[in-house]
Amino acid sequence: MNQEQIQSVAFEIILHSGSSRTMIHEAFAMMRNNEFKNAADKLDEANEEVLLAHQSQTALLQQYSSGETINMEIIMVHAQDHLMTTMTLREVALEMLYLYEKLDKNK
């Protein structure tokens, strides 16, 4: 895989994980406004973007596992970091949604 292809995959990962992160923050705002169904839907949308980013990552890993040389570039390290933090943020958001709903029911 050449440098341009690696950069392309990295930017796909950054694009989709960035879109997901934006949606997660929108879901946080919905939670604060007690819009729990909308927040859950937004987190589902965010997950779709994470899956697209993950698919790009998986394709790269499959090429590597088949013996293709992949020269790691700093942009790919950044992309991987971006994806993993977004995945973690989504998990936290799901927990927060549960807590917001529980607090609302106990009012």
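A few points on the structure. (Residues numbered from 1 in each chain as written. Predicted model: local features only at pLDDT ≥ 70, side-chain atom pairs only at ≥ 80, totals over all residues. Heavy atoms only, no water.)

### Focus: the overall build of the chain
Looking only at helices and strands, the chain features three helices and zero strands. Of the regular secondary structure in the chain, the N- to C-terminal order runs α-α-α. In terms of overall dimensions, the chain is more spread out than a globule: its C-alpha atoms have a radius of gyration of 17 Å, far above the 13 Å expected for 107 residues. Classification of the 107 residues of the chain by burial places 36% in the buried group. Taking as baseline every contact in the chain between residues at least 6 positions apart, the subset at least 24 positions apart corresponds to 82%. By element, 54% of the accessible surface of the chain is carried by carbon and sulfur atoms, the whole surface being about 6,700 Å². Averaging the positions of the 8 positive and the 16 negative side-chain charges in the chain gives two centres separated by 13 Å. (Helix = DSSP H or I, 4+ residues; strand = E, 2+ residues; numbered from the N terminus. Rg over C-alpha atoms; globule rule 2.2 N^0.38 Å. Buried < 20%, exposed > 50% of the residue type's maximum accessible area, 1.4 Å probe, protein only. Contact = heavy atoms within 4.5 Å. Areas by Shrake-Rupley, 256 points an atom, 1.4 Å probe, with all protein chains shown as cover. Lys, Arg positive; Asp, Glu negative; His and termini not counted. Charge placed at Lys NZ, Arg CZ, Asp CG, Glu CD.)

### Quick word on helix 1 (residues 3-32)
Between its first and last C-alpha, helix 1 extends 43 Å over 30 residues, near the 44 Å set by a 1.5 Å rise per residue. Of the residues that open helix 1, the one with a side-chain oxygen 3.1 Å from the backbone nitrogen of E4 is N2. Immediately downstream of helix 1, the backbone of N34 shows phi near 60°, a positive value. (Expected span 1.5 Å × (residues − 1). Polar contact = N/O pair within 3.5 Å; in protein donor to acceptor, adjacent residues only side chain to side chain.)

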